[in-house]
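Residue-level listing of the chains:
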Amino acid sequence: MEPVHIIQGTAVPLDRSDVDTDQIIPSDWLKRVERTGFEKGLFSEWKDNPEFVLNDEAYSGASILIAGPNFGTGSSREHAVWAIQQAGFKAVISPRFGPIFKNNSTKNGLVPVEVETEIGKRLLGEVERQPLLEFVIDVERALVEIPEIDIEFSFPIDKSIQERLLNGLDDIGITLGDETSISEFEKTRLAWLPSQD
Amino acid sequence: MGKTLSQKIWDNHIVRSGSGEPDLLYIDLHLVHEVTSPQAFDGLRISERNVRRPDLTISTEDHNVPTENIDQPIEDAVSLKQIETLRANAKEFGITHYPMGHPNQGIVHVIGPELGLTQPGMTVVCGDSHTSTHGAFGALAFGIGTSEVEHVLATQTLPQPLQETMAITIKGELPPESSAKDVVLAVLGAVGTGGGIGAIAEFRGPVIEALSMEGRMTVCNMSIEFGAKAGLIAPDEKTFQYLKGKANSPTGEHWENAVSEWKKLHTDPDAQFDREIVLNGEDIVPQVTWGTNPGQVIPVQGTIPNPANFENLAEREAAERALEYMGLEADTPFTSVPVDTVFIGSCTNSRIEDLRSAAEVIKGRQVSAGIRTLVVPGSGVVKKQAEIEGLDQIFKNAGFDWREPGCSMCLAMNPDKLSPRERSASTSNRNFEGRQGRGGRTHLVSPRVAAATAIAGHFATPEDL
Ligand code: SF4
């Protein structure tokens, strides 16, 4: 994973609640065994509609996705995160995330920014009015700034996740550093637990 | 202060704790399927890592498998490649694998319990959100993403931030026509799709205790639909009876020891939950979803909601969009809505008890003309048992298609799909837009309501027939 410090760019407003991962990437796309090539699958069913906000030229090049509450609920498919990233997004802003999606995001360096419902609504409105509004998301200070309209707010982020994002750390490597604790634990496991040996 | 059930299981699995890091939990069982694993195995190869405990890992193929002509090669080349990739990975890393056609093959959440792999007090993970199903045994079971699948393969552990606890108590007794599916749909109606986010939910109370193991699995299965990390139920005599004699259950002296450990797995009387929800069983009549998320639910005997009556603006807009997508008119009785397809299957409702309860409604009756009907057993074991009991004949005589096990029309990665605007009554767990095929319209119901609907040709409960 690449380290993430500051994300600076414009945003696209996806004014819907309950955007589940089946919408983010429909199941036809999940048959691929590779980790790349998912950008075309992003919202592929909604994209057929010319009115869909991601088809709007005014928002091309946006690196932040703003959505309504309960973004990324449903299926555990990490493909949803890969598709969003591969389409050029580096952060998603929503009042509430599906927990598995949120977890998957941080493992890949996509920053989930949880905002208060009211702020989320306001941001959607602002970006609908001004597509070129510049956002700065500072992971180290856990802060979002939109200087042009004088908005600044902090967002919750777990310390250990923040550290992984800032340093681009590989979780597996960290855990394997604890190999001895794992082996010790294994010696205490109960004798009857199922095993395929 | 006492501990809740989930806290006890959590504490029993801590490998490392403290230093500002999330707890590192040991994983007792890792279930693997073809869709969310290929990139994880690739990751292992790239980093030259191995599977730490192939003996605690089991894989099967379920999402992509066709449910007809399974002796023929799979026609969809991309599905075939995904399945072949899993077979090759299982072989390379020494993992037990149940391929299509094997007697133990089936939906990953159906086979774990029926093989006795899921036991009380265990931690169970799978790259699949409905892993919550296994919580019915008093296990801490949750879905993970592909990066975490790789992490568990490599280390047999997962770092996990602490979760809140949530108690969902169902008091009293259910009306006779209601089932476990109606219970969990009613919970969804009460708390909404975000109501469990950040929490592990424990279901309790007389209604839950009265449910069979199959029913408890149905309830825990859909915990993820209200956003809970996991759903679980304290093990009891029913749990022990279900497990006794299963292929991977403890035997002899181990059995006695196991049962006495399992009996400790309950929430202490003085334990506190962070959130509490209480519903009355008597109020839980048969349910159906009308919209495009599983929280949009009403009684089958109810009328389609009018968006104008929603006070919250976001909910009103969501309702308007949902009714438009679903092609429904507000304020009309739900039982007047005709269906095109009835699907009985998925990890929510494809176990033997589900098939028995649907067959009971169907017996001696005929599917309404022109309706497509599919019964897809959850596993080879369920299919065989149903055939021994003659349920397949009841379904076939009524005009149902009797299929081979798999996920099938639950998510339409195989050839079983809805066409645009086709309407289904489905015993699965997600009514998202396009979930069962592009443009398809899904209504979630119990197996009994699905069966009655197939006979009536429109939404119906068995009492309406
Ligand atoms: S039956 Fe449906 S919900 Fe269950 S594992 Fe298969 S696709 Fe997922």
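Shown above is the structure to which this text applies.
Note that the structure is predicted; figures quoted are calculated from it, not measured.

Visitor: So what about the packing of aromatic side chains? Which residues, and what values?
Guide: Using the criterion set out here, one finds 17 aromatic pairs over all chains in the structure. Between Trp255 of chain B and Trp262 of chain B the ring centres are 5.6 Å apart and the planes differ by 90°, which places this aromatic pair in the edge-to-face class. Within the aromatic cluster, the residues linked to one another by ring pairs are Phe43, Trp46 and Phe52 of chain A. Over the ring of Trp46 of chain A we find Arg16 of chain A; its NZ or CZ atom is 4.0 Å from the centre of that ring.

Visitor: Can you break down the packing of helix H2 (residues 79–86) of chain A against helix H3 (residues 99–108) of chain A residue by residue, with the values?
Guide: Residues and elements named next belong to chain A. As a packed pair, H2 and H3 sit with axes 9 Å apart at the nearest point and diverge in direction by 50°. When the axes of H2 and H3 are compared, the pair comes out oblique. Once H2 is placed against H3, the crossing between them reads as right-handed. Residues Ala80, Val81, Trp82, Ile84 and Gln85 of H2 form the contact with H3, whose participating residues are Phe101, Asn104, Ser105 and Asn108.

Visitor: So what's going on with the sheet that holds strand E3 (residues 29–32) of chain B? Which residues, and what values?
Guide: Residues and elements named next belong to chain B. Across the sheet, which stays open at both edges, the 5 strands sit in the order E5-E4-E3-E6-E7 with parallel pairing between neighbours. At either margin of the open sheet sits one strand with a lone partner, and together these are strand E5 (96–98) and strand E7 (140–143). Within the sheet, the average angular offset between the axes of one strand and its neighbour, ignoring direction, is 20°. Where E3 meets strand E4 (residues 57–60), 3 bridges bridge the pair, whose relative direction is parallel. Its bridge partner being in E4, Val32 is matched across the sheet by Ser59.

Visitor: Give me the lowdown on the sheet that holds strand E10 (residues 199–204) of chain B, citing residues and values where you can.
Guide: Residues and elements named next belong to chain B. Here we have 4 strands laid out as an open sheet, ordered E11-E10-E9-E12, and parallel in their pairing. Looking at which strands have only one partner, the edges of the open sheet turn out to be strand E11 (230–232) and strand E12 (275–280). For this sheet, the mean angle separating the axes of adjacent strands, direction not counted, is 20°. In this structure, E10 lies alongside E11, joined through 3 bridges in parallel fashion. Considered in E11, the bridge of Ile200 is made with Ala230.

Visitor: I'd love a proper account of the nonpolar core, names of residues and values included.
Guide: Leu14, Phe43, Phe71 and Phe135 of chain A together with Phe395 and Phe400 of chain B are the most contacted members of the largest nonpolar core, which has 104 residues in total. Of all hydrophobic cores here, the second largest spans 82 residues; its members include Ile95, Ile144, Val187 and Ala228 of chain B.

Visitor: Now, about helix H8 (residues 213–221) of chain B: what can you tell me, with residues and values included?
Guide: In terms of residue burial, H8 of chain B counts as a mostly covered element, since 9 of its 9 residues are buried. Inspection of H8 of chain B places Met213, Glu214, Gly215, Arg216, Met217, Thr218, Val219, Cys220 and Asn221 of chain B among the buried residues, and these make up the whole buried set.

Visitor: Explain a negative patch on the surface residue by residue, including any values.
Guide: A cluster of acidic side chains, namely Asp15 and Glu128 of chain A together with Glu317 and Glu320 of chain B, defines a negative patch on the protein surface. Residue position: Glu317 of chain B is located in helix H11 (residues 313–326).

Thresholds applied
Residues numbered from 1 in each chain as written. Chains lettered and ligands numbered in written order. Predicted model: local features only at pLDDT ≥ 70, side-chain atom pairs only at ≥ 80, totals over all residues. Heavy atoms only, no water. Phe/Tyr/Trp six-rings, centres within 6.5 Å; stacked < 30°, edge-to-face > 60°. Lys NZ or Arg CZ within 6 Å of the ring centre and 35° of its normal. Axes fitted to C-alpha atoms, helices over the stretch in contact; angles between N-to-C directions. Helix = DSSP H or I, 4+ residues; strand = E, 2+ residues; numbered from the N terminus. Parallel < 35°, antiparallel > 145°, perpendicular 65-115°, else oblique. Left-handed = near helix turned anticlockwise from the far one by under 90°. Contact = heavy atoms within 4.5 Å. Pairing = 2+ DSSP bridges. Core = buried A, V, L, I, M, F, W, Y, C linked by side-chain atoms within 4.5 Å. Buried < 20%, exposed > 50% of the residue type's maximum accessible area, 1.4 Å probe, protein only. Patch = residues over 30% accessible without salt bridge, like charges linked within 9 Å, V, L, I, M, F, W, Y side chains within 5 Å. Areas by Shrake-Rupley, 256 points an atom, 1.4 Å probe, with all protein chains shown as cover. Salt bridge = Lys/Arg side-chain N within 4 Å of Asp/Glu carboxyl O. Lys, Arg positive; Asp, Glu negative; His and termini not counted. Charge placed at Lys NZ, Arg CZ, Asp CG, Glu CD.

Fair warning: the whole summary comes from geometry, so function is off the table for now.
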